[in-house]
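Residues per chain are reported as follows:
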Amino acid sequence: MEQFCQDKIFKIAIVGAGPSGIYCALNILKKFQERNFNNYFLTIFDKSQALRTLLVTGGGRCNITNSISDIKEFASNYPRGEKFLYSLFSRHFSFDSLDFFKSLGIDTYIQDDGRIFPKSNSAKDVKDKLLTALFRYKNVKLENKDIKDKKDLEKFDRIILACGSRGTQNLIKSFNQPFKPFKKALCALKIDNFIYPKGVSVNSLDGAFVFTNDGISGPLAFKLSSINVDKPFPYSISIRLFNIDDLYSLIKENPKKSIGNLVSKLIPKSLAFAIVDDYNKKCCEVSKEKLISYSVLNLDVISNSNLGEIVNSGGVELNSLDKNCKSKVSDNLWFCGEILDIDGFCGGFNLQNCWSSAYVVANDVVYSIINK
Ligand SMILES: Cc1cc2nc3c(=O)[nH]c(=O)nc-3n(C[C@H](O)[C@H](O)[C@H](O)COP(=O)(O)OP(=O)(O)OC[C@H]3O[C@@H](n4cnc5c(N)ncnc54)[C@H](O)[C@@H]3O)c2cc1C
């Protein structure tokens, strides 16, 4: 059992200077400062450059979070981790993160689709402001080091793994922490028998997507890859292209027009051309079953494509953690960010997982030291 001693300097390690690691560090530093506590030193390890992974987010604009204000509705955008997030969000939600960013000079705005971005539209600006804030504190250093296993962290009193989902299995294993293997969860899809018009964008009832050279990409494709992450290939997907009643109305108004002509009023012409048999047949001559079949695009997914790969599913099993993301297996060990078995759709959800889990971890780590 750890003995509290007034002169003891608590050594804290964060592995990973990505969004979750840096947010966790800033909150630890802030909380100690608010309590006038200086008997600690925080080392943040990264094998690469701090916040390198933030730079590519939101196409360089950094989709920081989402404007959905209801916690449950927000959490429904995570195919894995939804229930665990209720508890994290109840302690630190998007409003709290936005307040925190504002305090660092990062103002934000809401895009029409609910995604929230920095006013600067620059992930680099967010990175610079976070790192400037970090280096205002004294008891912290960033060290460029690849942490191979738990032995590299033996001298630390508190350990936070915030090292994401890429190449981190061995480190997690060295702590005997249960985890699910990582898998690509937001990526483009390769389609069997690809006969569709390349480069054409479609706004379907289920979401927007674009045909690539050999499949589909865009928000809907990413979402489908996430929902179906555990299905073996090949698997089938159905996309509702348009409301069949809209086609019936068009037919009523234009009974003599060709079916291809009318379908192409509801979807891009080149797609209508690819999927409508007898494009030039009069619509009144086409069976109801055929008409309905044109409103749904059934595709067979043969594999993920390398496009996208924005987040991985899998990670540290949530039932091996307490509600503060602290390990139930090893002492003084916490996890935050993408290393957790939590992943969301596109829209700022994955970064919000980073902010919320990092905050909760920071709080608990500070509490574990100050309340000794
Ligand atoms: C192209 C792209 C765009 C994205 N856009 C968005 C977006 O707009 N909005 C959104 O919400 N999400 C977005 N995401 C997802 C989001 O970026 C991630 O969920 C988030 O970066 C995870 O943060 P993290 O700190 O947990 O892990 P990471 O960002 O992966 O950071 C982990 C850090 O740990 C370091 N590290 C790893 N292992 C070790 C080790 N053994 N020793 C030392 N250091 C180590 C790595 O070098 C890295 O710096 C995007 C992802 C990608 C790939």
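Now for a description of the structure that goes with this document. (Residues numbered from 1 in each chain as written. Predicted model: local features only at pLDDT ≥ 70, side-chain atom pairs only at ≥ 80, totals over all residues. Heavy atoms only, no water.)

It is worth spelling out the site of the ligand at this point. The environment of the ligand is made up of 30 residues, and the closest members are Asp46, Thr53, Gly58, Glu338 and Leu351. Contacts to the ligand include Gly58, whose backbone N or O atom sits 2.7 Å from an oxygen atom. Here a nitrogen atom of the ligand sits 3.0 Å away from a polar atom, N or O, in the main chain of Asn63. In the complex, the protein chains occlude 89% of the 1,000 Å² of accessible area that the ligand would expose alone. Of all elements in the fold, only α1 (19-34), β2 (40-46), α2 (52-55) and α13 (349-370) reach the threshold of two or more residues within the shell around the ligand. Of all the elements, α13 adds the most residues to the shell around the ligand, at four residues. Tallied by class, residues from the shell around the ligand come to 11 nonpolar, 13 polar and six charged. (Near = heavy atom within 4 Å. Polar contact = N/O pair within 3.5 Å; in protein donor to acceptor, adjacent residues only side chain to side chain. Areas by Shrake-Rupley, 256 points an atom, 1.4 Å probe, with all protein chains shown as cover. Helix = DSSP H or I, 4+ residues; strand = E, 2+ residues; numbered from the N terminus. Nonpolar A, V, L, I, M, F, W, Y, C, P; charged D, E, K, R; others polar.)

Under the criterion given, the structure shown has 25 aromatic pairs. Between the aromatic rings of Phe74 and Phe349, the centroid separation amounts to 5.0 Å while the plane-to-plane angle is 75 degrees, which identifies the pairing as edge-to-face. Of this pair, Phe74 sits in helix α3 (residues 71-75) while Phe349 is found in helix α13, placing the two residues 275 residues apart along the sequence. With relative accessibility at 3%, the residue Phe349 sits in the buried group. Between Phe93 and Phe95 the ring centres are 5.4 Å apart and the planes differ by 85 degrees, which places this aromatic pair in the edge-to-face class. Under the relative-accessibility criterion, Phe95 is labelled partly exposed at 46%. The rings of Phe74, Tyr78, Phe89, Phe93, Phe95 and Phe349 are connected pair by pair, giving a single aromatic cluster. (Phe/Tyr/Trp six-rings, centres within 6.5 Å; stacked < 30°, edge-to-face > 60°. Buried < 20%, exposed > 50% of the residue type's maximum accessible area, 1.4 Å probe, protein only.)

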